[in-house]
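For reference, the chains in residue letters:
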Amino acid sequence: MSGRSQSIRFVNGRIYRDASDRIPADTLVMQNGAIHFVGAQDEAPCADVTVELRGATVIPGLTDAHIHLFGIAAERLQIALDPASVKSHAKLLESVSSAARRGSNGQWIRGVGFDENGLPEHRYPTRDELDVAAPENPVVIRRFCGHTAIINSAAMRALDIEEGAPDPIGGSFGRDAKGRLDGVVKESAADAVFRRMPNVERALVANSLRTTIADAMKLGLTAAVEAAVGFTSGFDEEHATWELLRSDKTLMRLGFMYRLDPKEAMARKLVPHRSPDWQTSTLKFFADGIVGARTAAVSVPYHDAAGTGFFVRDEDDLEQVIVEAHLDGWQVAVHAVGDRAISRVIGAYERAQRVKPWPEARHRIEHYTCPPEGGLARMKNVGAIVVSQPSFLSVMHRSTFQAFGPWAVTRYPARSVLEAGVPYVSSSDCPTGDFSPWVGMANALDRGAAMGKPMGADEALSRSQTIASYTQGGAYVMRQESWRGTLRAGCAADLIALDQDPFDSSVDLRSVKTLMTVVRGTIQHDVLGSQHFKAAEVFN
């Protein structure tokens with residue numbers, strides 16, 4: 001049935017029009033890519049084909065408003081070093097050594113998904129350990145966050161990183177007790193490594209992207225925003241790879257944040273463009289680092305380490321590019337984790353709105369981990385949006401409690417965001433967060449309790465709020481809420497059928513499975529089975 005374009009009637013299901021719907025319908029009809037009818041079966045119009053849902057639940061399709069699809073696709077072509085793949089440092093080094101033996105001398109070894117929190121040693125591998133494992137091969141191990149990497153001596157030589165290299169602005173090189181580089185590179189130093197190392201073949205990444213997007217649709221995603229074109233392999237390479245997919249009609253709806261300054265976008269003749277399928281209206285900036293590396297710009301020293309993090313670019317320069325982007329008509333999205341960084345970004349939004357009021361700018365702050373005092377009131381005043389990642393409550397559980405001690409329970413606000421009148425949108429930030437939106441939703445409910453102590457139980461969302469943050473919220477942040485994110489006549493036929501009712505308080509959201517995914521009225525994923533499809537005349 002994949003690719004079917006006929007009008008389709010879905011019957012005998014629990015069909016929720018939106019996350020606030022309390023009386024689900026049992027029948028939905030779609031035609032020409034739009035919802036035609038939602039209501040009772042005896043009132044439904046005819047259709048070419050009828051789908052027997054057999055009690056399955058239907059809700060609007062989900063949006064992941066901040067995901068790195070390119071990064072996931074690239075990682076699938078590299079060596080998996082995540083905790084599920086390697087259980088110890090010895091296994092990690094064995095994987096690197098095995099890759100070196102399989103390849104030729106000088107061939108780059110790329111390891112991805114590394115997370116020290118999931119290993120018993122709770123530490124990074126060292127440059128010396130990687131030198132022993134692969135003495136003749138440049139090795140780059142990308143931490144799962146994308147903000148840190150570990151490299152060996154061969155990679156340093158290939159990248160012309162000399163022993164006495166100073167820390168770059170907005171980044172750092174790790175050093176051992178004697179001052180020798182230990183192979184750890186953070187923030188702008190890591191970014192330079194990723195941009196300068198050889199790229200994976202473009203066609204291979206494009207094919208991996210298609211598979212990655214298909215897998216995302218199997219999870220119930222019908223739309224996604226690529227969170228920073230240029231974050232993994234540099235802007236021009238990533239942009240060219242994405243362009244290979246642009247005419248593919250089997251993809252879900254996509255939006256893109258360009259990791260470019262306004263002048264860089266202008267030089268490439270790129271302007272904001274709204275589109276239902278391929279939206280390029282957002283510029284992405286980075287204000288500070290991350291909690292895991294203790295590089296997020298906070299106002300109070302970390303609980304377990306000296307220092308308060310740092311901005312990854314000059315603060316005045318950051319504010320200036322934000323204002324310029326606003327004036328050029330771009331929606332702005334800024335990675336801001338620490339309260340110092342968040343406050344400065346809000347200040348830039350306030351200045352931009354004073355210079356040129358734009359009520360529908362819908363500028364974003366990605367993460368909003370450490371809320372500054374009074375920040376939400378200021379966010380509401382400028383119409384800004386919090387785009388959060390609920391699965392971080394599990395993924396970052398250990399590092400957050402270590403970094404902030406008793407203050408950890410105030411991190412990753414959710415309920416208080418909504419109570420302040422600020423739009424709250426959920427996302428994954430995969431490959432940093434969990435790929436599955438259902439894992440994210442479960443974390444939004446239990447605040448990471450599966451990992452131990454909940455991280456601020458009073459910030460838990462209700463099921464309705466959680467599902468809304470992935471349906472209506474995702475559409476809102478893309479300025480598409482008028483025609484998708486709900487299942488009402490005239491709206492886009494973007495919907496998913498589920499094996500369980502996610503609004504049922506007894507259902508563990510982690511166990512929910514997507515039986516069917518429909519985008520633009522076309523079935524892109526189906527495990528209901530062809531026996532559930534009946535010819536129209538049988539029912540009419």
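Right above here is the structure, for reference.
Here the residue numbers are simple positions, counted from 1 along each chain's written sequence. For this predicted model, a pLDDT threshold of at least 70 governs which residues receive local features, and a threshold of 80 or more governs which side-chain atom pairs are given and counted, while totals over whole chains, interfaces and linings are taken from all residues. Computation of side-chain values covers all heavy atoms of the structure but excludes hydrogens and water.

J.: How do you make sense of the overall build of the chain when you look at a structure like this?
T.: When you go through the chain residue by residue, the secondary structure sums to 18 helices and 23 strands. Radius of gyration: C-alpha atoms only; globule rule: 2.2 Å multiplied by the number of residues to the exponent 0.38. Taking 540 residues into account, the globule formula puts the C-alpha radius of gyration at 24 Å, and the chain, at 24 Å, falls close to it. Residue exposure (1.4 Å probe, protein chains only): buried if accessible area is under 20% of the type maximum, exposed if over 50%, otherwise partly exposed. Residues classed as buried in the chain amount to 61% of the 540 residues present. Only heavy atoms matter for contacts: two residues are in contact if any of them lie within 4.5 Å across the pair. Put simply, of all contacts in the chain between residues at least 6 apart along the chain, 72% involve residues at least 24 apart. For every accessible area listed, the method is Shrake-Rupley and the probe measures 1.4 Å; residues are considered covered only by the protein chains on display. Approximately 20,200 Å² of the chain is accessible, and the part contributed by carbon and sulfur atoms is 51%. The convention is simple: Lys and Arg are positive, Asp and Glu are negative, and His and the chain ends are not counted. Throughout, a charge is located at the NZ atom of Lys, the CZ atom of Arg, the CG atom of Asp or the CD atom of Glu. Looking at the chain, you have 59 positive and 65 negative side-chain charges, and the mean spots of the two groups are 1 Å apart. Put simply, DSSP marks the helices as runs of H or I at least four residues long and the strands as runs of E at least two long, and each gets a number from the N terminus on.

J.: I keep staring at the sheet that holds strand 6 (residues 62-67) and nothing clicks. Help me out?
T.: Strand pairs in the sheet, formed through backbone hydrogen bonds, run parallel or antiparallel to each other. Strand order in the open sheet made by the eight strands is 6-13-14-15-16-17-18-19, with parallel pairing throughout. Each of the sheet's edge strands pairs with one partner strand only, and the pair in question is strand 6 and strand 19 (424-426). Adjacent strand axes in the sheet meet at a mean angle of 25 degrees, parallel and antiparallel pairs treated alike. One ladder, built from three bridges, connects strand 18 (residues 385-388) with strand 19; its direction is parallel. Its bridge partner lying in strand 19, Val387 is registered against Val425. Strands are treated as partners if at least two bridges between them are detected by DSSP. Angular values range over 0 to 180 degrees, each being the angle between N-to-C directions of two axes fitted as lines to C-alpha atoms, with helices fitted over their stretch in contact.

J.: What am I meant to see in the pairing of strand 10 (residues 148-151) here?
T.: Remember that side chains alternate between the two faces of the sheet whenever the strand is regular. Residues Thr148 and Ile150 of strand 10 are buried on one face, and the alternating residues Ala149 and Ile151, pointing to the opposite face, are buried as well. Pairing geometry for strand 9 (residues 139-143) and strand 10, over three bridges, is antiparallel. Each bridged residue has a counterpart across the sheet, and for Arg142 the counterpart in strand 10 is Ala149. Linking strand 9 to strand 10, which pair antiparallel, is a turn of four residues; within it Gly146 sits at a positive phi near 85 degrees. With three bridges connecting them, strand 10 and strand 12 (residues 181-187) associate as antiparallel partners. Paired with Thr148 across the bridge in strand 12 is Lys186.

J.: When you look at helix 6 (residues 202-218) in this model, what are you seeing that I'm missing?
T.: The α-helix winds at 3.6 residues per turn, so residues separated by three or four positions along the chain end up facing the same way. Counted at 1.5 Å a residue, the expected span for helix 6 with its 17 residues is 24 Å, and the 25 Å between its end C-alpha atoms agrees. Every buried residue of helix 6 is accounted for by Val205, Ala206, Ser208, Leu209, Thr212, Ile213, Ala216 and Met217. Directly beyond the C-terminal end of helix 6, a positive phi value near 110 degrees is found at Gly220. An expected span of 1.5 Å times one less than the residue number is assigned to each helix.

J.: Hey, could you run me through the pairing of strand 21 (residues 514-519) in this one?
T.: Burial analysis of strand 21 places six of its six residues in the buried class, which makes it a mostly covered element. In this sheet, strand 21 lies alongside strand 20 (residues 495-498) in antiparallel orientation, the contact comprising four bridges. In the sheet register, Ile496 faces strand 21, and the bridge partner there is Thr517. Bridging between strand 21 and strand 22 (residues 522-526) involves four bridges; their strand directions are antiparallel. By the bridge assignment for strand 22, Val519 is matched with Thr522. Between the antiparallel neighbours strand 21 and strand 22 lie two residues, among them Arg520 with a positive phi of about 60 degrees.

J.: I would appreciate a short explanation of the nonpolar core in the present structure.
T.: Nonpolar side chains in soluble globular proteins tend to be buried together. In these notes, a set of buried Ala, Val, Leu, Ile, Met, Phe, Trp, Tyr and Cys residues joined through side-chain atoms within 4.5 Å is what counts as a nonpolar core. Counting 77 residues, the largest nonpolar core has Trp242 and Leu254 as the members making the most contacts within it. Setting aside residues up to four positions removed in sequence, Trp242 forms contacts with Leu69, Phe70, Leu209, Ile213, Glu226, Leu254, Phe256 and Trp278. Counting 21 residues, the second-largest nonpolar core is a separate cluster that includes Ile8, Leu495, Ala497 and Leu528.

J.: How should the packing of aromatic side chains be read in this particular structure?
T.: In this description, an aromatic ring pair is defined by two values, namely the gap between the centres and the angle between the planes. Any two rings among Phe, Tyr and Trp, with Trp reduced to its six-membered ring, count as a pair given centres within 6.5 Å; such a pair is stacked if its planes are under 30 degrees apart, edge-to-face if over 60, and tilted if neither. Scanning the model with the defined rule gives ten aromatic pairs in all. Through a chain of ring-to-ring contacts, the aromatic side chains of Phe235, Tyr258 and Trp330 assemble into a single cluster. Sitting over the face of the ring of Phe194, Arg142 holds its NZ or CZ atom 3.9 Å from the ring centroid. Any Lys NZ or Arg CZ that is within 6 Å of a ring centre and within 35 degrees of that ring's normal is treated as a charge sitting over the ring.

J.: I keep staring at the pattern of salt bridges and nothing clicks. Help me out?
T.: Pairing is possible between side chains that carry opposite charge, provided their charged atoms lie close to one another. Within this document, salt bridges are pairs made up of a side-chain nitrogen of Lys or Arg and a carboxyl oxygen of Asp or Glu, the two lying within 4 Å of each other. Counted by the stated rule, this structure contains 33 salt bridges. Across the pair Glu481 and Arg362 runs a salt bridge whose closest N-O atoms are separated by 2.9 Å. With Glu481 in the loop between helix 17 (472-477) and strand 20 and Arg362 in the loop between helix 10 (339-355) and strand 17 (364-367), the pair connects residues that are 119 residues apart, well separated along the chain. Residue Arg362 is classed as buried on the basis of its relative accessible area, which comes to 7%.

J.: In this structure, what is going on with unusual backbone geometry? I would like to understand it.
T.: Glycine aside, the phi torsion of most residues is negative, and most peptide linkages are trans. That bond from Cys430 to Pro431 is cis: its omega, 15 degrees, falls within 30 degrees of zero. Phi is positive for Asn32, close to 55 degrees, though the residue is something other than glycine. Along the polypeptide, Asn32 turns up in the loop between strand 2 (25-31) and strand 3 (34-39). The phi torsion at Asp160 lies on the positive side, around 60 degrees, for a residue other than glycine. By secondary structure assignment, the location of Asp160 is in the loop between helix 4 (153-158) and strand 11 (171-175). Residue classification places Asp160 among the exposed residues on the basis of a relative accessible area of 62%.

J.: Can you help me understand the sheet that holds strand 9 in this one?
T.: Taken together, six strands build an open sheet; the order of strands is 7-8-9-10-12-11 and the sheet is mixed. For this open sheet the edge positions go to strand 7 (79-80) and strand 11, each flanked by a neighbour on one side alone. Sheet topology note: the strand 7/strand 8 (residues 109-114) ladder contains two bridges and is parallel. Looking at strand 8, one finds that Ala80 is bridged to Val112. Against the sheet, helix 2 (residues 89-102) touches strand 7, strand 8 and strand 9, its axis set at about 155 degrees to strand 8. Its contacts with the sheet place helix 5 (residues 188-196) against strand 9, strand 10, strand 11 and strand 12, and it is angled at close to 95 degrees to strand 12.

Just geometry here; none of it tells us what the structure is for.
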